[in-house]
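Per-entry structural report
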Amino acid sequence: MLRWSVALLVIALIAGVFGFFNIVGAAVGIAKVLFFIFLVLFIVSLFTGRRGRSL
């Protein structure tokens with residue numbers, strides 16, 4: 001149980017540092033752009049994807 005609490009403390013400290021230096025804002029912007037790029041690629045792959053052989 002002590003391992004979990006130490007691990008969560010480290011994660012919280014890292015998240016606090018990112019929030020303090022406003023790195024999270026840049027990461028959110030990048031994540032939004034990547035989300036929409038991959039969403040478009042997914043939709044395109046649905047329409048142009050290879051189809052299996054029909055027997």
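A brief look at the structure comes next. Every value quoted in this text rests on a predicted model; they were computed, and no experiment measured them.

What about the packing of aromatic side chains?
Taken as a whole and judged by the stated rule, the model has one aromatic pair. Between Phe35 and Phe36, the aromatic rings sit 5.2 Å apart at their centres with planes inclined by 70°, giving edge-to-face as the arrangement.

Examining the environment of Ile11
Mapped onto the fold, Ile11 is located in helix H1 (residues 2-20). Note on Ile11: relative accessible area 52%, which makes it exposed. Spatially, the C-alpha atom of Ile11 lies 21 Å from that of Ile30, the residues being 19 residues apart in sequence.

Quick notes on the rules
- Residues numbered from 1 in each chain as written.
- Predicted model: local features only at pLDDT ≥ 70, side-chain atom pairs only at ≥ 80, totals over all residues.
- Heavy atoms only, no water.
- Phe/Tyr/Trp six-rings, centres within 6.5 Å; stacked < 30°, edge-to-face > 60°.
- Helix = DSSP H or I, 4+ residues; strand = E, 2+ residues; numbered from the N terminus.
- Buried < 20%, exposed > 50% of the residue type's maximum accessible area, 1.4 Å probe, protein only.

Purely geometric numbers; function is a separate question.
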